[in-house]
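Next come the chains, spelled out residue by residue.
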Amino acid sequence: MNAIIVYWSKTGNTEKAAYAIQEGLEEAGADVVIRQLKKAKDAEDIDFFAYDLVCIGFPSYGWRPPSPVEKFLLNKFREYGDTGLVEVGAPRVPGRNVLIFCTYSGPHTGIREATPAVLYAGQFFEHLGFTIVGEWYVIGEFHGWDEGSTRGRLGDIRGRPNNEDLEKLRQDAVQLVKEIKKSEA
Ligand SMILES: Cc1cc2nc3c(=O)[nH]c(=O)nc-3n(C[C@H](O)[C@H](O)[C@H](O)COP(=O)(O)O)c2cc1C
């Protein structure tokens, strides 16, 4: 199995999550490419269809993916649309899987600040026929905003994602590879 992890991270939380996922995927035997996206064009050369598993990670910004991530997804979607790969009924393309992971602080409404971002990003892939194999939410400290990291709905989230969070991600990634292999055997 080959996989690519594309992530955007400003204050490091999503990057930590990306590395933990990479570790787990590799432990389960996958070949993994990891790419950091800063601007939309940094990753425009990536062909999603070249991978058994695409993992895309970003923080929630105003309950959406940050704008470089949104631009990247829109540009790729237009590109695939122009080549006829966006079809009515979105027929499943066997063996093409996507994992969306999102770090968030949830200071106001908790996880509901991340779900719209994840569901939105997932649609770009599901419209291409990918199977969404995971929607993972990772709590991350709101660096630079103490009140948001201590008095929000999620309580004191300073230091998150912590070692325990990262270990869980690693284990979940191992499990994910096993499940994908099993479902496609
Ligand atoms: C400009 C900005 C907007 C944010 N908006 C939200 C938000 O709407 N909801 C939320 O739960 N977290 C929000 N956060 C917190 C981040 O999603 C969270 O800290 C994330 O883990 C940061 O990821 P990173 O360290 O990879 O950049 C925001 C952070 C910043 C800097």
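Residues numbered from 1 in each chain as written. Predicted model: local features only at pLDDT ≥ 70, side-chain atom pairs only at ≥ 80, totals over all residues. Heavy atoms only, no water.

Looking at an unreviewed UniProt entry, one finds the protein named Flavodoxin-like domain-containing protein, with candidate division WOR_3 bacterium SM23_42 as its source organism.

(A) Region of interest: the packing of aromatic side chains. Within the structure shown, the criterion is met by 12 aromatic pairs. Relative to Tyr-61, the ring of Trp-8 lies with its centre 5.4 Å away and its plane at 85°, an arrangement referred to as edge-to-face. With Trp-8 in the loop between β1 (2-7) and α1 (13-27) and Tyr-61 in the loop between β3 (53-59) and α2 (67-82), the pair connects residues that are 53 residues apart, well separated along the chain. Ring plane angle 85° and centroid distance 5.8 Å describe the contact between Phe-48 and Phe-72, whose orientation is recorded as edge-to-face. With Phe-48 in the loop between β2 (31-36) and β3 and Phe-72 in helix α2, the pair connects residues that are 24 residues apart, well separated along the chain. Overall, the relative accessible area of 1% leaves Phe-72 in the buried class. Through a chain of ring-to-ring contacts, the aromatic side chains of Phe-48, Phe-49, Phe-72, Tyr-80, Phe-125 and Phe-130 assemble into a single cluster. Stacked on the ring of Phe-48, the Lys or Arg Lys-76 has its end atom at 5.8 Å from the ring centre. (Phe/Tyr/Trp six-rings, centres within 6.5 Å; stacked < 30°, edge-to-face > 60°. Helix = DSSP H or I, 4+ residues; strand = E, 2+ residues; numbered from the N terminus. Buried < 20%, exposed > 50% of the residue type's maximum accessible area, 1.4 Å probe, protein only. Lys NZ or Arg CZ within 6 Å of the ring centre and 35° of its normal.)

(B) How the structure looks around helix α5 (residues 163-184). When the terminal C-alpha atoms of α5 are compared, their 32 Å separation across 22 residues agrees well with the 32 Å that a helix rising 1.5 Å per residue should span. Of the surrounding elements, those touching the buried residues of α5 are α1, β3, β4 (97-104) and β5 (131-139). (Expected span 1.5 Å × (residues − 1). Contact = heavy atoms within 4.5 Å.)

(C) Representation of the UniProt feature "domain: Flavodoxin-like" (unreviewed entry) in the protein within the structure. Mapped onto this structure's residue numbering, the UniProt feature "domain: Flavodoxin-like" (unreviewed entry) falls at residues 5-81. Taken end to end, residues 5-81 is 39% helix and 21% strand, and its first and last C-alpha atoms sit 22 Å apart. (UniProt positions renumbered as here; feature names shortened; annotations may be inferred.)

(D) Spatial organisation of the packing of α1 against α5. Put simply, α1 and α5 touch, their axes get as near as 7 Å, and they point 40° apart. By the angle class used here, α1 and α5 are oblique. Between α1 and α5 the crossing geometry is right-handed. Facing α1, whose interface residues are Lys-16, Ala-17, Ala-20, Ile-21, Glu-23, Gly-24, Leu-25 and Glu-27, α5 presents Leu-166, Leu-169, Arg-170, Ala-173, Val-174 and Val-177. For the contact of α1 with α5, the per-class residue count stands at nine nonpolar, one polar and four charged. (Axes fitted to C-alpha atoms, helices over the stretch in contact; angles between N-to-C directions. Parallel < 35°, antiparallel > 145°, perpendicular 65-115°, else oblique. Left-handed = near helix turned anticlockwise from the far one by under 90°. Nonpolar A, V, L, I, M, F, W, Y, C, P; charged D, E, K, R; others polar.)

(E) How the structure looks around the state of the cysteines. All chains considered together, the criterion is met by zero disulfides. Cys-55 takes part in no disulfide bond, and the closest cysteine sulfur, belonging to Cys-102, lies 14 Å away. Assessed through its relative accessible area of 0%, Cys-55 is described here as buried. The exposure class of Cys-102 is buried, given its relative accessible area of 0%. (Disulfide = S-S within 2.5 Å.)

(F) Fine view of the site of the ligand. Near the ligand you find 20 residues, and of these Ser-9, Thr-11, Thr-14, Gly-106 and Glu-113 are the closest. Residue Gly-12 places a main-chain N or O atom 3.0 Å away from an oxygen atom belonging to the ligand. Note that an oxygen atom of the ligand is positioned 2.9 Å from one of the backbone N or O atoms of Glu-141. If you list the elements that add at least two residues to the shell around the ligand, you get α1 and β4. For the shell around the ligand, the class distribution of residues is six nonpolar, 11 polar and three charged. (Near = heavy atom within 4 Å. Polar contact = N/O pair within 3.5 Å; in protein donor to acceptor, adjacent residues only side chain to side chain.)

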